[in-house]
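Architecture at a glance
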Amino acid sequence: YLSRLWCVIELFTFVQMGLDSGSLEFRSLCPHGSIDEEGKSNFMCTLQNFDVSMCECVDGSDKEKMQSVIYAAFGDVENFNREISQMLQAASLQGTV
């Protein structure tokens, strides 16, 4: 989820519309549906080091357009990254994506 730009934008839009980030649940996609403490720690590290510039889009023009919107709204990607990281850390985390 966090490597796909459309998914990140959708999560951000959800919260910006005034909906509660606490109602977001991240579920493990592990084979048995559970994750160990190391996996949870790795996921939290991913959130803390989130970088939207590393996200991918199937259509390169979509990525360019969304990055333009991010720059217009936040001034730079660092501000957006910080906002996303804080938003997702505040969410109810139940595992990794």
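To be clear, the structure that these remarks concern was listed above.
We now turn to the structure provided with this report.

Quick notes on the rules
- Residues numbered from 1 in each chain as written.
- Predicted model: local features only at pLDDT ≥ 70, side-chain atom pairs only at ≥ 80, totals over all residues.
- Heavy atoms only, no water.
- Helix = DSSP H or I, 4+ residues; strand = E, 2+ residues; numbered from the N terminus.
- Contact = heavy atoms within 4.5 Å.
- Phe/Tyr/Trp six-rings, centres within 6.5 Å; stacked < 30°, edge-to-face > 60°.
- Buried < 20%, exposed > 50% of the residue type's maximum accessible area, 1.4 Å probe, protein only.
- Core = buried A, V, L, I, M, F, W, Y, C linked by side-chain atoms within 4.5 Å.

**Points about the side chain of Asn81**
Within the secondary structure, Asn81 sits in helix α4 (residues 77-90). For Asn81, the contacting residues outside a window of four places in its chain are Phe50, Asp51 and Val52.

**What to know about the packing of aromatic side chains**
Each aromatic ring pair is specified by the distance between its two centres and by the angle formed by the two planes. Overall, the coordinates contain 3 aromatic pairs when judged by the stated rule. Residues Phe12 and Phe74 carry aromatic rings whose centres are separated by 5.4 Å and whose planes lie at 65° to one another, so their mutual orientation is edge-to-face. Linking Phe12 in helix α1 (residues 5-16) with Phe74 in helix α3 (residues 60-74), this pair joins segments that are 62 residues apart in sequence. On the basis of an interplanar angle of 75° and a centroid distance of 5.2 Å, the ring pair of Phe74 and Phe80 is categorised as edge-to-face. Overall, the relative accessible area of 1% leaves Phe80 in the buried class. Here the aromatic residues Phe12, Phe74 and Phe80 are joined through ring pairs into a cluster of three or more.

**Quick notes on the nonpolar core**
By size, the foremost hydrophobic cluster in this structure holds 19 residues, and its most contacted members are Leu5, Val8, Phe50, Val52, Phe80, Ile84 and Leu88. Looking at this core, the elements that each hand over two or more residues are α1, α2 (37-48), α3 and α4. Sequence-distant contacts of Val52, that is, excluding residues within four places in its chain, are made with Leu5, Ile70, Val77, Phe80 and Asn81.

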